[in-house]
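Residues per chain, in single letters:
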Amino acid sequence: METVSENRSHGGTQGVYSHDSRETGTEMTFSVFVPDHDPGTKLPVLWYLSGLTCTHANVTEKGEYRAACAEHGIVFVAPDTSPRGEGVPDADGYDMGQGAGFYLDATQDPWADNFRMRSYIERELPALIERQFPVDMDRQSVTGHSMGGHGALTFGLRNPDRFRSVSAFAPICAPAQVPWGEKAFTSYLGEDRAAWAEYDAVALIGNGARLPNLLVDQGTADNFLEEGQLRPDLLREACENAGIEAEIRMHEGYDHSYYFISTFLAEHVAWHAERLKA
C-alpha cells in the first residue's frame, strides 16, 4: 500500500492510498478517514460506495462526514467505482466502463479480466484495510449513492452477518428492471437474466435475502427518479412483503447531487453508529 496523501481534519486523519489489486489487475485508489483514538483501540468501519462517474474523491471532498465520524469514532472507507488505467476496457457512455463498475464480477469479454469489483470490495480491500488500519471488522456497516447505493444494498443483502446496518442515497433499487442496469448487466454478465439476480436488491429480497435494518434517503427533485432509473417504490414494496424494517424517506426539492448527500450523510453516520456500538 502506498500513501498518496494524508491530512489532519476534524480530529482525525484523512488519507488517500493506492495498491496493486490482484482482483482487478490494476492499481486501485481509495480513501480512509481515521478518527483520533487511544493506542490499541480498534474502531468500527463504515464503507461508502460511490456512484456512476465517481471516484473515491467525490465523497472525500464533498461528503461532509468527518466531523460525525470523529464524534462517533468510526473509520470511513471510500473505494473507487471501477478499475482504471491503460489497457482497461472502457466505453463511450458514462454508464459503462471505467467509472461504472456496478460492483459486480463481470463474466463477459472484454470486461471479465478487470471488472471484478464484487470480489475487490467483498474480499480483497477489506483484508487490506484490516491489515493496515485500526479497525474492528466485527463491526461494519455500508452505505452508498446511486450505483453505489445499489452496491450497498446488494453487498448488505448477500452478507447479512458482516454488515450490522445498511443505508443508501438515491440507490438504483432494481437494476434488472431499469435502463441503466439492463445495459450494464447485459454487457458485463450476458443475456441470462438469472445471473443478474444476485446484483439486484429487489430480486435478492424476493429470493429470501434479508437485512436487519435499512435507511434510504431519496430527493423528490432527482431527475433520475423521474426517468425511472431508481425505483424506490419497488424497494419499499419488496421490504414490506418481506417484513424488513426499512425507513425510506422522501425529501422535497433535493436532487441527485452531493448537495443532497452532504445534507444527510452525518445523519447516516449517526444512524450507523447506534447499530455499530450496540
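Residues numbered from 1 in each chain as written. Predicted model: local features only at pLDDT ≥ 70, side-chain atom pairs only at ≥ 80, totals over all residues. Heavy atoms only, no water.

Draft legend 1. Highlighting the environment of E27. Assignment of secondary structure puts E27 in strand β3 (residues 27-35). For E27 and P171, which are 144 residues apart along the polypeptide, the C-alpha to C-alpha distance reads 27 Å. Residues contacting E27, with those up to four places away along its chain left out, are S18, H19 and D20. (Helix = DSSP H or I, 4+ residues; strand = E, 2+ residues; numbered from the N terminus. Contact = heavy atoms within 4.5 Å.)

Draft legend 2. Structural detail: the sheet that holds strand β7 (residues 163-169). The strand order across the open sheet built from nine strands is β1-β2-β3-β5-β4-β6-β7-β8-β9, with neighbouring strands paired in mixed fashion. Both edges of this open sheet fall to β1 (2-9) and β9 (246-251), since each of them pairs with a single strand only. With strand direction ignored, the average angle separating the axes of adjacent strands in the sheet is 20°. Relative to β9, strand β8 (residues 214-219) runs parallel, the two being bridged by six bridges. Along β9, the bridge assignment pairs L215 with E247. Across the sheet, helix α4 (residues 147-158) lies against β4 (43-49), β6 (135-144), β7 and β8, angled at about 160° from β7, the strand it touches most. Across the sheet, helix α8 (residues 232-242) touches β8 and β9, and the angle it forms with β9 is around 155°. (Pairing = 2+ DSSP bridges. Axes fitted to C-alpha atoms, helices over the stretch in contact; angles between N-to-C directions.)

Draft legend 3. Spatial organisation of the nonpolar core. Ranked by size, the top nonpolar core spans 87 residues in total, and within it F76, F102 and Y188 carry the most contacts. When residues of this core are assigned to their parent elements, the largest contribution, eight residues, is made by helix α9 (residues 258-276). Not counting the four nearest positions on each side in its chain, F76 is found in contact with S31, V32, F33, L46, Y48, V59, Y65, C69 and L265. (Core = buried A, V, L, I, M, F, W, Y, C linked by side-chain atoms within 4.5 Å. Buried < 20%, exposed > 50% of the residue type's maximum accessible area, 1.4 Å probe, protein only.)

Draft legend 4. Highlighting the pairing of strand β2 (residues 12-20). By the criterion of burial, β2 is predominantly enclosed, with seven of the nine residues buried. Where β1 and β2 come together, seven bridges link them in antiparallel fashion. Paired with S9 across the strands is G12, a residue of β2. In sequence, β1 turns back onto β2 through a hairpin of two residues, with H10 there showing a positive phi of about 50°. Here β2 pairs with β3 via nine bridges, running antiparallel.

Draft legend 5. Focus on the packing of aromatic side chains. Counted according to the given criterion, the structure contains 17 aromatic pairs. Ring geometry for Y65 versus F76: centroids 3.8 Å apart, planes at 10°, classification stacked. With Y65 in the loop between α1 (56-62) and α2 (66-72) and F76 in strand β5 (residues 75-79), this pair connects stretches of sequence that are 11 residues apart. Taking relative accessible area as the criterion, F76 reaches 0% and is therefore assigned buried. Aromatic rings pair up to connect F33, Y48, Y65 and F76 into one cluster. Positioned over the ring face of Y65 is R66, at 4.8 Å from the centre of the ring. (Phe/Tyr/Trp six-rings, centres within 6.5 Å; stacked < 30°, edge-to-face > 60°. Lys NZ or Arg CZ within 6 Å of the ring centre and 35° of its normal.)

Draft legend 6. Geometry of the environment of L153. Relative to the helices and strands, L153 is located in helix α4. Residue L153 is classed as buried on the basis of its relative accessible area of 0%. Placed 15 residues apart in sequence, L153 and A168 show a C-alpha to C-alpha distance of 7.4 Å. Residues within four places of L153 in sequence aside, it is in contact with V166, P171, C173, A201, L214 and L235.

Draft legend 7. Region of interest: α9. For α9, spanning 19 residues, the distance from its first C-alpha to its last is 25 Å, which sits close to the expected 27 Å at 1.5 Å a residue. The principal kink in α9, of about 40°, is found at F264. All of the buried residues in α9 are Y258, F260, I261, S262, F264, L265, H268, V269, W271, H272, A273 and L276. (Expected span 1.5 Å × (residues − 1). Bend = angle between axes of the 7 residues up to and from the residue.)

Draft legend 8. Structural detail: the pairing of β5. When you tally the buried positions in β5, you get five out of five residues, the bulk of the element. Here β5 shows no split at all, with V75, V77 and P79 on one side and F76 and A78 on the other all buried. In terms of strand pairing, β3 meets β5 through four bridges, oriented antiparallel. Looking across to β5, one finds that V32 is bridged to V77.

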